[in-house]
Amino acid sequence: MKKRALLPESARKNATDAQNAQYAATLKRMVDCKTVWTKEGVNKAEFDKFYQVVADAFPLLHSKAKRLTFGDGCFFYVINGTNAQKNILLMSHHDVVDGGNGWETDPFCATEKDGALYGRGTVDTKTPLFAELQAAEELLAAGYGFDGMNLYIGSSHNEEFSGDGMVLATDYFRQNGIFFDVILDEGGAITEGMIPGVSAKSAVIAVHEKSRHLYRCSITETTQGHGGLNPAAGTPVSALSEFVTQVSKSGIFKATFSPEVKATFTSHAPYMAFPLNLVFGNFSLFSPLIKRIMAGIPQAAAMLTTGVTFPTFFAGKADAPQFKAKHAEVYLFLRCVREEQLHKELAEIQKIADRFGVTIEPVERDYCEPTDFTARPYQVLEALVHKNFPDVITAPFLLTAGTDARRFTGLAHSILRFAPIDLNRQQFASIHNANENITIRNIGQCVLFYKDFIKEMEKEPKL
């Protein structure tokens, strides 16, 4: 991998101080809305307030674009361009996790402090959403024609709980034959200290995320017998417990390097200090060593293997615990990188299940196809990062968490996960934790980035 010269941070594209102040004021109004989703609709008034803030803050977008709503609050603004040949979608969710303890400021009253805006959602993900909406608003104000493209900006209200917002939206798009050339969601960011031996900041662009597969594993006893003669072994509970133990220690789940994980490290190799630059620069030669090192780090190991958990176990009756359960079931939750590998692993799990008389039934399949990071959309995004943030390294990577973007499998050529938020170690650690904050200068950088992304995607030929 060729090393690209990195410029100082001062070379970045920046908004003016006046613009940044205005942007921060609008973002504050969005953050001040406690959009913590609950099934009971506890915060409905806060969500309604948020939607009014959006309508007031982006009047041209709200009046000129079509607005679609799904479920209780998932919304899309649609700008239909002239001679539209392609559909481009920008995404970020507007629900947030609750405030929690340990804050130095009120999490739902955004506070400016030391050049940053503190509040829940400033990172995850009201800043990217604000910047997407503001970019469209400014382009409309400038008379931008959106020639050859339809621009969609979508935001779900219950992403944090894997809710139904984007599920309903994608059902609509499928039913109406709406296909997207490029989708850009959250998931990647500009970070520091995430890659060993690298001092520069990294813009990691997620081109894939681990999928979710849920299975019900059960045993039902059909024999009859006196309760006093029940054996300690061979019961549904004991047999299913042994099945869980055998699967957990079986060694079925092998560590492998997917193309995007390999590319994360080979892209950074030229910027690493010795001897890591030698090791990762010769990835194929040293891959066994790299695999052993990563296997010992939980966050890194998650990139290499299928994650396996047994989250729930059901048997018997709570009001009659002394009686033997005739039926027992446990749920098997798998997070895989590639589905073809999962099928091989499931075949091995089935062999263990057969030994104990366990029936395995699929409950949920939530698989997202990986995006080709050698294709044009990724290359355009990478070039824009270089242009707007010339001080950072770029690389594809695998997201071990989850985003709404996975819902769009089969509805897009390229699904990319990157928001141009620039996070130091404290800011990265604040996601879902106390003192979440974004640097005010970075808010304007995000607006400029999304404006450039829209313009560049308009120039691109239809895929």
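Residues numbered from 1 in each chain as written. Predicted model: local features only at pLDDT ≥ 70, side-chain atom pairs only at ≥ 80, totals over all residues. Heavy atoms only, no water.

*Asks:* I would appreciate a short explanation of the sheet that holds strand S13 (residues 359–366) in the present structure.
*Replies:* The strands making up a sheet are joined through hydrogen bonds of the backbone, oriented either antiparallel or parallel. In space, the 4 strands of this open sheet follow the order S11-S12-S10-S13, with antiparallel pairing throughout. Strands at the two margins of the open sheet, each flanked by one partner only, are strand S11 (307–315) and S13. For this sheet, the mean inter-axis angle between neighbouring strands, taken without regard to orientation, is 20 degrees. Relative to S13, strand S10 (residues 212–220) runs antiparallel, the two being bridged by 7 bridges. (Pairing = 2+ DSSP bridges. Helix = DSSP H or I, 4+ residues; strand = E, 2+ residues; numbered from the N terminus. Axes fitted to C-alpha atoms, helices over the stretch in contact; angles between N-to-C directions.)

*Asks:* I tried to follow the packing of aromatic side chains on my own but got confused; where do I start?
*Replies:* Here a ring pair, both rings aromatic, is described through the centre-centre distance and the interplanar angle of the planes. Summed over all chains, the structure comprises 26 aromatic pairs. On the numbers, 6.0 Å between centres and 75 degrees between planes, the contact of Phe 50 with Tyr 51 is edge-to-face. Under the relative-accessibility criterion, Phe 50 is labelled buried at 0%. With relative accessibility at 15%, the residue Tyr 51 sits in the buried group. A centroid spacing of 5.0 Å and a plane angle of 85 degrees characterise the contact between Tyr 152 and Phe 180, whose relative ring orientation is edge-to-face. (Phe/Tyr/Trp six-rings, centres within 6.5 Å; stacked < 30°, edge-to-face > 60°. Buried < 20%, exposed > 50% of the residue type's maximum accessible area, 1.4 Å probe, protein only.)

*Asks:* What is the right way to look at the pattern of salt bridges in this model?
*Replies:* Scanning the model with the defined rule gives 25 salt bridges in all. Between Lys 462 and Asp 181 there is a salt bridge, and its shortest N-O distance comes to 3.6 Å. Taken together, the positions of Lys 462 in the segment after helix H14 (440–459) and Asp 181 in strand S7 (residues 180–185) put the pair 281 residues apart, joining distant regions of the chain. For the salt bridge of Arg 406 with Asp 366, the shortest nitrogen-to-oxygen distance reads 2.7 Å. (Salt bridge = Lys/Arg side-chain N within 4 Å of Asp/Glu carboxyl O.)

*Asks:* Explain the pairing of S7 to me, please; I cannot follow it from the model alone.
*Replies:* Note on strand geometry: in a regular strand, side chains alternate between the two faces of the sheet. Across the 6 residues of S7, 6 count as buried, placing the element largely inside the fold. Looking at chain direction, strand S3 (residues 86–91) and S7 are connected through 3 bridges and run parallel. Each bridged residue has a counterpart across the sheet, and for Leu 90 the counterpart in S7 is Leu 184. Across 5 bridges, S7 lies against strand S15 (residues 412–417) in parallel orientation. Bridging from a neighbouring strand, Ile 183 pairs with Ile 415 of S15.

*Asks:* Help me understand the sheet that holds strand S4 (residues 111–113) in this model?
*Replies:* Here 3 strands make up an open sheet; going across it, the order is S4-S5-S16 and the pairing antiparallel. Pairing within the sheet leaves two strands with one partner each, and these edge strands are S4 and strand S16 (437–439). Strand after strand, the sheet turns through a mean of 25 degrees between neighbouring axes, direction not considered. Across the sheet, H14 touches S4, strand S5 (116–118) and S16, and the angle it forms with S16 is around 75 degrees. (Contact = heavy atoms within 4.5 Å.)

*Asks:* Which parts of the structure should I look at to understand helix H2 (residues 44–57)?
*Replies:* Quick reminder: α-helices carry 3.6 residues per turn. Residues three or four places apart thus point the same way. Between the first and last C-alpha of H2 there are 20 Å, a value that for 14 residues agrees with the 20 Å anticipated at 1.5 Å per step. Buried within H2 are the following residues: Phe 47, Phe 50, Tyr 51, Val 53, Val 54, Ala 55 and Ala 57. Packing partners of the buried residues in H2 comprise helix H1 (17–31), helix H3 (59–64), strand S1 (66–70), strand S2 (74–80) and helix H4 (126–141). (Expected span 1.5 Å × (residues − 1).)

*Asks:* When you look at H1 in this model, what are you seeing that I'm missing?
*Replies:* With 15 residues, H1 extends 20 Å from end C-alpha to end C-alpha; this agrees with the ideal 21 Å at 1.5 Å per step. Packed against the buried residues of H1 are H2, S5, H4, S16 and H14.

*Asks:* Is there a simple way to explain the environment of Tyr 51 in this structure?
*Replies:* Relative to the helices and strands, Tyr 51 resides in helix H2. The spatial distance from the C-alpha of Tyr 51 to the C-alpha of Gln 379 is 34 Å, given a sequence separation of 328 residues. Polar side-chain contacts of Tyr 51 include one of 3.1 Å to the backbone oxygen of Gly 73. At a separation of 2.9 Å, a polar atom in the side chain of Tyr 51 contacts the side chain of His 94. (Polar contact = N/O pair within 3.5 Å; in protein donor to acceptor, adjacent residues only side chain to side chain.)

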